[in-house]
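# Report on the structure
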Amino acid sequence: AQSVAQPEDQVNVAEGNPLTVKCTYSVSGNPYLFWYVQYPNRGLQFLLKYITGDNLVKGSYGFEAEFNKSQTSFHLKKPSALVSDSALYFCAVRDGGNFNKFYFGSGTKLNVKP
Amino acid sequence: AAGVIQSPRHLIKEKRETATLKCYPIPRHDTVYWYQQGPGQDPQFLISFYEKMQSDKGSIPDRFSAQQFSDYHSELNMSSLELGDSALYFCASSLAYQNTEAFFGQGTRLTVV
């Protein structure tokens, strides 16, 4: 079975500091991993994905994620946080068995303080 | 670029009523998903369609049904509504290939009173 875990309900960081939002995964085959961001009362917006290749994946709004196979992790990072980055972040894995549904983590609320 | 369109954006219904939510996927996307997100919760998978056929089923109550039409739009029908059905309902679309991301609509906020 596929699953992702986000161990932190909330991450607090000061504006200008680097941020990390953690995600670990469990898959039976090759991992197809995604990060989404959700602003209040809005849909999920795609940030980036890991399919294969370089372990460091770059995405939208200056975000990047590091895939680590040995640690089964896919942490989201940004070198310098902005107040506008404050939102809910979801890690997701796509089921490779039937090419369909996405499994989401429980979400991490990122608070960036001025 | 065209995005996933959901209607209505907000819906208020009374207990035991029915509701129909609509989703228009991104053109040429062959897969549609429905998710339910309760307050402070992660999205829970309800059901998906690939090329107009149901492809997977999650925690969708028997009171709910869904279908995808020939023009690829999808509808989620909810009957005998309960207070606990109040949530944000998202539709997403993608290509079926496992290395592609899904694009989400803005969601329909259903409130059952």
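Scroll up to find the structure.
Let me sum up the structure you'll find in this document. Note that this is a predicted model, so its numbers are computed, not measured. (Residues numbered from 1 in each chain as written. Chains lettered and ligands numbered in written order. Predicted model: local features only at pLDDT ≥ 70, side-chain atom pairs only at ≥ 80, totals over all residues. Heavy atoms only, no water.)

### What about the pairing of strand 3 (residues 19-24) of chain B?
All names here are of chain B. Here strand 3 shows one buried face, formed by A19, L21 and C23, and one open face, formed by T20, K22 and Y24. Here strand 3 pairs with strand 8 (residues 74-78) via five bridges, running antiparallel. The partner of L21 across the bridge, within strand 8, is L76. (Buried < 20%, exposed > 50% of the residue type's maximum accessible area, 1.4 Å probe, protein only. Helix = DSSP H or I, 4+ residues; strand = E, 2+ residues; numbered from the N terminus. Pairing = 2+ DSSP bridges.)

### Examining the state of the cysteines
Inspection of the entire model under this criterion finds two disulfides over all chains. The disulfide that involves C23 of chain A links it to C91 of chain A, with 2.0 Å between the sulfurs. Its torsion about the S-S bond being -65°, the disulfide of C23 of chain A and C91 of chain A is classed as left-handed. Linking C23 of chain A in the loop between strand 3 (19-21) and strand 4 (24-26) with C91 of chain A in strand 10 (residues 87-94), this pair joins segments that are 68 residues apart in sequence. Take C91 of chain A: its relative accessible area is 0%, and that puts it in the buried class. The partner cysteine of C23 of chain B in its disulfide is C91 of chain B, sulfur to sulfur 1.7 Å. Classification of the bridge connecting C23 of chain B and C91 of chain B rests on its S-S torsion, roughly -55°, and on that basis the disulfide is left-handed. Of this pair, C23 of chain B sits in strand 3 while C91 of chain B sits in strand 9 (residues 87-94); the two residues are 68 residues apart in sequence, bridging distant segments of the chain. Here C23 of chain B falls in the buried class, since its relative accessible area comes to 0%. (Disulfide = S-S within 2.5 Å.)

### Regarding the sheet that holds strand 7 (residues 64-68) of chain B
Residues and elements named next belong to chain B. Spatially, four strands are ordered 1-3-8-7 in an open sheet, and the strand pairing comes out antiparallel. Of all strands in the sheet, those bounded by a partner on one side alone are strand 1 (5-7) and strand 7. Looking at each pair of strands side by side, their axes are set apart by 15° on average, direction ignored. (Axes fitted to C-alpha atoms, helices over the stretch in contact; angles between N-to-C directions.)

### Some words on the environment of N68 of chain A
All names here are of chain A. With respect to the helices, strands and loops of the structure, N68 is situated in strand 8 (residues 64-68). When the C-alpha atoms of N68 and T24 are compared, they prove to be 9.3 Å apart, with 44 residues separating the residues in sequence. Residues within four places of N68 in sequence aside, it is in contact with Y25 and S73. From its side chain, N68 meets the backbone nitrogen of Q71 in a polar contact 2.9 Å long. (Contact = heavy atoms within 4.5 Å. Polar contact = N/O pair within 3.5 Å; in protein donor to acceptor, adjacent residues only side chain to side chain.)

### Brief notes about the interface of chain B and chain A
Opposite the 27 residues of chain B that make contact, chain A presents 22 residues. Taking both partners together, chain B and chain A bury about 2100 Å²; carbon and sulfur atoms supply 50% of that area. Put simply, chain B and chain A have one salt bridge between them. E101 of chain B is the partner of K49 of chain A in a salt bridge, and the nearest nitrogen-oxygen pair spans 2.7 Å. Here chain B and chain A share nine residue pairs in polar contact (both at pLDDT 80 or more) between them. In terms of residue count, the dominant contributor to the side of chain B that touches chain A is strand 4 (residues 31-37) of chain B (four residues). Looking at the side of chain B that touches chain A residue by residue, the class counts come to eleven nonpolar, eleven polar and five charged. (Buried area = accessible area lost by both parts, 1.4 Å probe. Salt bridge = Lys/Arg side-chain N within 4 Å of Asp/Glu carboxyl O. Nonpolar A, V, L, I, M, F, W, Y, C, P; charged D, E, K, R; others polar.)

### Some points on the nonpolar core
Buried together is how nonpolar side chains tend to be arranged in soluble globular proteins. One finds W35, L47, L48, F74, L76 and Y89 of chain A to be the most contacted residues of the largest nonpolar core, which totals 27 residues. When residues in this core are grouped by element, the largest group, four residues, is from strand 10 of chain A. Excluding its chain neighbours within four sequence positions, the residues that come into contact with F74 of chain A are C23, L33, F34, W35, L48, K49, Y50, A65, E66, F67 and C91 of chain A. The next biggest cluster of nonpolar side chains, apart from the first, holds 22 residues, and it includes A19, L46, L81 and V112 of chain B. (Core = buried A, V, L, I, M, F, W, Y, C linked by side-chain atoms within 4.5 Å.)

### Considering the pattern of salt bridges
Residues and elements named next belong to chain B. With the rule as written, the count across this model stands at six salt bridges over all chains. Note that E82 and R63 form a salt bridge whose closest N and O atoms lie 3.4 Å from each other. Of this pair, E82 sits in the loop between strand 8 and strand 9 while R63 is found in the loop between strand 6 (53-57) and strand 7, placing the two residues 19 residues apart along the sequence. Look at the salt bridges and you will find they share partners, linking R63, E82 and D85 into a network.

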